[in-house]
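Examining the three-dimensional arrangement
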Amino acid sequence: MNAEQLITNFPLVTKLIKLEEVSWFNPNITTLDVALPYVGLTSLDVADASARLQRFAPYLSLAFPETAVTKGIIESEIETIPAMKSALESRYNQEITGQLLLKKDSHLPISGSIKARGGIYEVLTHAEKLAIAAGMLTTADNYQKLFSEEMRQFFSQFSIAVGSTGNLGMSIGIMSAKIGFKVSVHMSADARQWKKDKLRSHGVIVHEYEQDYGVAVEQGRKAAESDPSCFFIDDENSRTLFLGYSVAGERLKAQFAGADIKVDAEHPLFVYLPCGVGGGPGGVAFGLKLAFGDNVHCIFAEPTHSPCMLLGVHTGLHDNIAVQDLGIDNITAADGLAVGRASGFVGRAMERMLDGYITLHDQHMYDLLGLLDNTQGIRLEPSALAGMPGPAQVSADTAYQARMGFTADRMANATHLVWATGGGMVPEAEMAKYLARATA
Ligand SMILES: *Cc1c(COP(=O)(O)O)cnc(C)c1O
């Protein structure tokens, strides 16, 4: 299909090309029992990931003392943001029905972004496999034994490579170097200098490229192919990364139970997830669906300059199309979201259980960044604000509500959860620059 045919068949594509902000609620979603077989993973796989993270918790609490308070479990808090809710209502001139919460993955330990879920999990999975195969570890051991010079020596025979726009590299780089692996991060042009500096200070080898994420990933893959002791972490297709993210679902369910937040047919939950290649939001959405069933509704958010998942799912072309094929430049200030071609795995696996997709301008993210700082004193990086317009859009979209059976009563009981995916480790001088861009 050429661009003209695409535009004829999918009028929304014209708006994407014009870089307009859009929202699309997919009329073809199904119930979870119909959608689940397409994922190729089950609740058993998520339980396995959860158990693995539990085994590593004693190690993590030693290796990263900042995780000792949560006993080595890397998890973020939820926070109600009522002042932000009011500010959003005035900004959009739209009532947001129900309550508004923030999920602060921005403040996750070790790497300050959602990547502390998937990236760290994949490194640990690889380390466990190698150590067990070498007879140096069993799953019955206390994994604190991995925090030793002997084990670091063992892991130093192996290397890890990854391509990244920044945050995945941070999480995989810091974790790999800590456990003892040699690690190379292949960074795209848009990656921030401070992230490269930080990684190098941890002993990570950083390769820099003039091109975007897709090229950085390809270069990482190539470098790894020529070295049998090197493991390439494939952000575009990894089931392991995906499962690392998915554990968030049961964790959120426990947090909601503790905070007395109800989720059922009368109390719908809407979750707004910033999307880059798709593994992070896809994995989280999968875990949420397993935890809350058809009562959770996931909406992905992307920059107008990088709407790769919306484009792939809407046209059904998935990873057979990139935003650049339509002349969209994939240049955005939103770290982690500057991805032109979505994961083919995530789009195909998850499209039936994702309610919708929104896009927003970079300036819109900056404005919301300033607004959240002003109203709640919470500071995030631009990408982490991508989901923030979602609650007002869902509250306004009467066609979507009618199709889904969200009556006024149900909407009044709704919980809107904006997933804040990064920003906790942004240096102050960088944050000052972000805040200066806010005009709201
Ligand atoms: C990586 C990232 C995302 C999106 O994750 P993907 O797996 O690339 O879709 C969102 N926000 C931030 C801050 C990220 O670093």
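Residues numbered from 1 in each chain as written. Predicted model: local features only at pLDDT ≥ 70, side-chain atom pairs only at ≥ 80, totals over all residues. Heavy atoms only, no water.

**Digging into helix H9 (residues 193–201)**
- Buried residues of H9: Trp-194, Lys-195, Lys-196 and Leu-199, and no others.
- On its buried face, H9 sits against helix H8 (167–179), strand E5 (182–187), strand E6 (205–208) and helix H20 (428–437).
- Remark: Gly-203 follows H9 within two positions and exhibits a positive phi of approximately 85 degrees. (Buried < 20%, exposed > 50% of the residue type's maximum accessible area, 1.4 Å probe, protein only. Helix = DSSP H or I, 4+ residues; strand = E, 2+ residues; numbered from the N terminus. Contact = heavy atoms within 4.5 Å.)

**Focus on the environment of Asn-2**
- Within the fold, Asn-2 resides in the segment before helix H1 (3–9).
- Measuring from C-alpha to C-alpha, the distance between Asn-2 and Pro-427 comes to 44 Å, with 425 residues separating the pair along the chain.

**Topic: the pattern of salt bridges**
- The final tally for this structure, using the stated rule, is 24 salt bridges.
- Across the salt bridge formed by Glu-75 and Arg-251, the nearest N and O atoms sit 2.9 Å from each other. A residue pair is termed long-range when its members are at least 10 positions apart, and Glu-75 in the loop between helix H4 (43–63) and strand E2 (78–80) and Arg-251 in helix H12 (residues 248–258) qualify at 176 residues.
- For Glu-75, a relative accessible area of 17% gives the class buried.
- Taken together, the salt bridges that share partners define one network made up of Glu-75, Lys-103, Asp-105, Arg-117 and Arg-251. (Salt bridge = Lys/Arg side-chain N within 4 Å of Asp/Glu carboxyl O.)

**Let's talk about the domain arrangement of the protein chain**
- Taken domain by domain, the protein chain holds domain 1 (3–111 + 242–437) and domain 2 (115–234).
- Computed over C-alpha atoms only, the centres of domain 1 and domain 2 are separated by 25 Å.
- Counting from both sides, the interface comprises 40 residues of domain 1 and, opposite them, 31 residues of domain 2.
- Taken together, both faces of the contact between domain 1 and domain 2 bury some 3,300 Å²; the carbon and sulfur share is 63%. (Domains from an automatic or database assignment. Buried area = accessible area lost by both parts, 1.4 Å probe.)

**Thoughts on the packing of helix H6 (residues 115–133) against H8**
- For the pair H6 and H8, the least separation of the axes is 8 Å and the interaxial angle reads 35 degrees. For the pair H6 and H8, the sense of crossing is right-handed. Every residue of H8 that contacts H6 at Lys-115, Ala-116, Gly-119, Ile-120, Val-123, Leu-124 and Ala-127 is listed here: Asn-167, Leu-168, Ser-171, Ile-172, Met-175, Ser-176 and Ile-179. (Axes fitted to C-alpha atoms, helices over the stretch in contact; angles between N-to-C directions. Left-handed = near helix turned anticlockwise from the far one by under 90°.)

**Details of the packing of aromatic side chains**
- Taken as a whole and assessed by the stated rule, the structure comprises 15 aromatic pairs.
- Note on Tyr-400 and Phe-406: the rings are 5.6 Å apart at their centroids and 80 degrees apart in plane angle, and the pair reads as edge-to-face. For the residue pair Tyr-400 and Phe-406, the accessibility class agrees, reading buried in each case.
- Within the aromatic cluster, the residues linked to one another by ring pairs are Phe-25, Phe-270, Tyr-400 and Phe-406. (Phe/Tyr/Trp six-rings, centres within 6.5 Å; stacked < 30°, edge-to-face > 60°.)

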